[in-house]
Structures are given as structure tokens and as C-alpha cells.
Amino acid sequence: MSHRIGVIPGDGIGHEVIPVALNVIRAAGVELDCVEYDLGGARYLRDGVVLDDETVEEWRGLDALLLGAVGTPDVPPGVIERGLLLKMRFDLDLYVNQRPFLAPDGSHDFIVIRENTEGTYAGEGGFLRKNTPFEVATQGSVNTRHGVERCVRYAFELARSRDRKHLTLVHKTNVLTFAGDLWERTFNEVAAEYPDVTTAYNHVDAACIYFVEDPKRYDVIVTDNLFGDILTDLGGAVSGGIGFASSGNLNPDRTSPSMFEPVHGSAPDIAGQNKANPVAAILSAAMMLEFLGEDAAATAIRNACSDTATLTGSTTEIGDLVVARL
Ligand code: IPM
Ligand code: MN
């Protein structure tokens, strides 16, 4: 059975890593029916289009979306990030952002579950008296019981499915006493339904130390949108580099297509030079295949990428190496 996939190479190295990832999928024996969408900073600069509602409606008929990276230095911050990436996450209700981290030497293997539709990313706030000496900027954090609970529940289910069955909540309950309280109460209530899952709590600042000094303590982590954003860059840095970090923006209820993308950005500094590591995009494609029920192909791709020390060379050379191993 062929899967209908929306492909958004995006900007910069997105155009280099996505073709490689698609090649790897085909080499793993999975048929895709791809529809390409030209979106991102370059498209915006050309004709002012970021992402319209009609396109989002069209996507609802797809099985999944694969995105390379978006963003160009010559577009003001937020235009593409909010108008394209966050609009996808919000409109398609991709409420879980799943980011796995595996140490190159196998010494740690953990997954961060980042809430993906609320928190500071919800965009609550505004200016007062902008551009005057008395200007005020506020930036709120939106945390709903429904939004927190569905994310926490997903994390408990995931932890239950793994060998160690250990889930850590990361927040900053000692300072964010409103949002932190809601997260902690929700976490503890849901925990009562999962007696087989052991739990822990870390403040986010302490978690930064543990990520560097003792990452093997983690199995599954659940956290809010902004902490998850920051922690997953650190997760990449301590797991062989951001070039290996994959992610899935999931709608676990499958009421809309999920979107898969590497954690890294469009890297304009190295774009067009065949230098970008395509493994993050390849592993994101593997996550997509797993979500689509293509477990054997997903496992084969992961295995072909597991010996990271030998995955060196240009973007296309690494792609060819992975294909050869398949
Ligand atoms: C990520 C990225 C995005 C985020 C940006 C590009 C909006 O950093 O996926 O981690 O902050 O979520
Ligand atoms: Mn990020």
C-alpha cells in the first residue's frame, strides 16, 4: 500500500536532506505517493505566501507530512516560524512533539515528549506603548488541563511500552507556581493510573546538568513547550550532535496527519554545499514510517544509521552509505 505524503523541503539544507531521506525510504521498500509543497522563507520572499488555510485543509487528506527545515535570515523572526511551523502544529493539533536521543556509544537512550500546542508558544501577549520609553511587552504561558493531560497521558503510555518504564516530569515548579502546579497535579493524578511506571521530577535547570553529566538516568521525559524546545537542542548536543536529532509532531488520535522533521534548522551558513548531516532527516522519516505502520522498514533504517561513527562524508555520501546498508 502506498502512503500519501506531503513533502515540504523548506529552506536551506532542507532541500538537501529531504531528497536523501526520500531515497532511503524507497530503498527500504516503502512506496510513497508524494505531493511537494513549496513553502518557507524563500517562497515568502518571492510572493508573500506563508501558509494558507486551503493548503492546511488539503493536508487533512494526507497520511503524513515530512518537512526539511524552514527559515531564512532575511525574513523577520517569527514570520515563518509562527506562520508556517507553528500554524501546522496548531491547526493540525499535533500536540505531542516526540524527540528520541540515543548516545553514539549506547550509554543513554531516552525520549523527550514536548507539549506542542500550548505554553509560551500559544502567542498570548502583546505590546503597550510600543516604541516609547514606557513600552510594555507581555508574553504569557497558556496551560490547559486538557492540553497538559493528553500530553502527560501519551508520555505515560510511551513509558509503559518501554523496558525501563520510567517517566520524569521536567518543569520549574519552584518559580512557575501556577503552570507548574497544574503540570505537577496532572502528572501525579495520571501517575496513579500507571502503577507499573516509576516517576521522577526534575527542575529544568537541574535537568540541564543531568543531560550533560548523567543522561542515562532518563528513559522518558515529559515537559512543556518551551522547556522541551531548549532541552531537545541540548539532548542533540549530548547525543552525537544536532545532525542526528529527529522528531515527530504527532496527533496521536490520528484525526489529522502527523508531521515529521529534523530538530535542526535550515543552516544557511552551510546550505548548498552538500555538507549537512542527513541522518536527522532520515531518522525522522523512519519515525514517520513507524507511525504509518511500516515497522520493519523503520527498524531497518534505524539499524542502518546506528553505527554513527562510520556515517561520515557529504550529505549525499552519507545517504548512499545508508542506502547501501539497506
Ligand atoms: C524546533 C524549532 C522551532 C521551535 C522554531 C523554528 C519555531 O526550534 O522545532 O525546535 O521553537 O519549536
Ligand atoms: Mn528548537
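Computed from a prediction, not measured in an experiment: that's the story for all the values here.

Ranked by size, the top nonpolar core spans 60 residues in total, and within it I113, F156, L167, V222 and M288 carry the most contacts. In terms of residues, this core owes the most to one element, helix α9 (residues 279-291), which gives ten residues. Three or more residues apiece are contributed to this core by two domains, here domain 1 (1-98 + 243-326) and domain 2 (105-238). Sequence-distant contacts of L167, that is, excluding residues within four places in its chain, are made with A155, F156, A159, F187, V197, T198, T199, A200, V220, I221 and V222. In this structure, Y37, L51, V70 and I80 belong to the second largest nonpolar core, which totals 19 residues.

Before going further, it helps to examine helix α10 (residues 295-304). Within the span of α10, buried status applies to A297, A298, I301 and A304. The buried side chains of α10 occupy one side of the element, clustering within an arc of 130 degrees when seen end-on. Projecting away from the buried face of α10 at angles above 90 degrees are the exposed residues A296 and N303.

What follows concerns the layout of surface pockets. Size it by volume and the largest pocket reaches roughly 880 Å³. A total of five residues in the lining of the largest pocket trace back to one element, the largest contributor, which is α9. Tallied by class, the residues present in the lining of the largest pocket amount to 19 nonpolar, nine polar and five charged. Two domains each provide a minimum of three residues to the lining of the largest pocket, namely domain 1 (1-98 + 243-326) and domain 2 (105-238). The space that makes up the second largest pocket amounts to roughly 440 Å³. As for the second largest pocket, its lining consists of 20 residues, and the residues nearest its centre are E81, L85, V263, H264 and G265. Elements with a minimum of two residues in the lining of the second largest pocket: β3 (64-69), α4 (79-91), α8 (225-237) and β12 (258-262). Per-class residue counts for the lining of the second largest pocket are nine nonpolar, four polar and seven charged. Residues lining the lining of the second largest pocket come from more than one domain, with at least three contributed by each of domain 1 (1-98 + 243-326) and domain 2 (105-238).

For Q98, the position within the fold is in strand β4 (residues 96-102). On the basis of relative accessibility, which here comes to 11%, the residue Q98 falls in the buried class. In this structure the side chain of Q98 is engaged in a polar contact, spanning 2.5 Å, whose partner is the side chain of Y154. Those residues in contact with Q98 that lie beyond four places of it in its chain are I111, V112, I113, Y154, L158, S246, S247, G248, L250 and M287.

Moving on: the site of ligand 1. Taken together, the residues surrounding ligand 1 are E81, L85, R89, R99, R114, Y121 and D229. Measuring from an oxygen atom of ligand 1, one finds a side-chain N or O atom of R99 at 2.8 Å. Within the side chain of Y121, a nitrogen or oxygen atom sits 2.6 Å from an oxygen atom of ligand 1. Here ligand 1 occupies the second largest pocket.

Right, let's talk about the pairing of β12 for a bit. The element β12 is extensively covered by neighbouring structure, given that five of its five residues are classed as buried. Here β12 shows no split at all, with S258, F260 and P262 on one side and M259 and E261 on the other all buried. One ladder, built from three bridges, connects β3 with β12; its direction is parallel. Of the residues in β12, the one forming a bridge with A64 is S258. Pairing of strand β11 (residues 246-250) with β12, which is carried by four bridges, proceeds in the antiparallel orientation. In the sheet register, S246 faces β12, and the bridge partner there is P262.

Let us look at the sheet that holds β11. Read from one edge to the other, the open sheet built from ten strands follows the order β2-β1-β3-β12-β11-β4-β5-β10-β8-β9, with strand pairing classed as mixed. The two strands at the open ends of the sheet, each matched to only one other strand, are β2 (32-36) and β9 (198-203). Mean inter-strand twist for the sheet, computed between neighbouring axes without regard to direction, equals 25 degrees. Relative to the sheet, helix α6 (residues 179-191) contacts β5 (109-115), β8 (166-171), β9 and β10 (220-223), its axis offset from that of β8 by approximately 165 degrees.

Right, let's get into the domain arrangement of the protein chain. Taken domain by domain, the protein chain comprises domain 1 (1-98 + 243-326) and domain 2 (105-238). When each unit is reduced to the centre of its C-alpha atoms, the spacing between domain 1 and domain 2 is 24 Å. Taken together, the contact between domain 1 and domain 2 spans 15 residues of the former and 17 residues of the latter. Taken together, the two surfaces of domain 1 and domain 2 that pack against each other cover about 1300 Å², and 54% of this comes from carbon and sulfur. Summed over the shared surface of domain 1 and domain 2, the number is one salt bridge. The salt bridge partner of R150 is D93, with a shortest N-O separation of 2.8 Å. One can count eight residue pairs in polar contact (both at pLDDT 80 or more) joining domain 1 with domain 2. For the side of domain 1 that touches domain 2, the elements supplying multiple residues, two or more each, are α4, β4 and β11. The element contributing the most residues to the side of domain 1 that touches domain 2 is α4, with four residues. Of the residues contributing to the side of domain 1 that touches domain 2, the split by class is nine nonpolar, three polar and three charged.

Calculation rules
- Residues numbered from 1 in each chain as written.
- Chains lettered and ligands numbered in written order.
- Predicted model: local features only at pLDDT ≥ 70, side-chain atom pairs only at ≥ 80, totals over all residues.
- Heavy atoms only, no water.
- Core = buried A, V, L, I, M, F, W, Y, C linked by side-chain atoms within 4.5 Å.
- Buried < 20%, exposed > 50% of the residue type's maximum accessible area, 1.4 Å probe, protein only.
- Helix = DSSP H or I, 4+ residues; strand = E, 2+ residues; numbered from the N terminus.
- Domains from an automatic or database assignment.
- Contact = heavy atoms within 4.5 Å.
- Arc of directions from axis to C-beta.
- 1 Å grid on protein atoms, 1.4 Å probe; cavity = no way out; pocket = protein on both sides within 12 Å on 5 of 7 lines; lining within 4 Å.
- Points joined across faces, edges and corners; volume = space filled by probe spheres on them.
- Nonpolar A, V, L, I, M, F, W, Y, C, P; charged D, E, K, R; others polar.
- Polar contact = N/O pair within 3.5 Å; in protein donor to acceptor, adjacent residues only side chain to side chain.
- Near = heavy atom within 4 Å.
- Sits in = over half its atoms within 2 Å of the grid points.
- Pairing = 2+ DSSP bridges.
- Axes fitted to C-alpha atoms, helices over the stretch in contact; angles between N-to-C directions.
- Buried area = accessible area lost by both parts, 1.4 Å probe.
- Salt bridge = Lys/Arg side-chain N within 4 Å of Asp/Glu carboxyl O.

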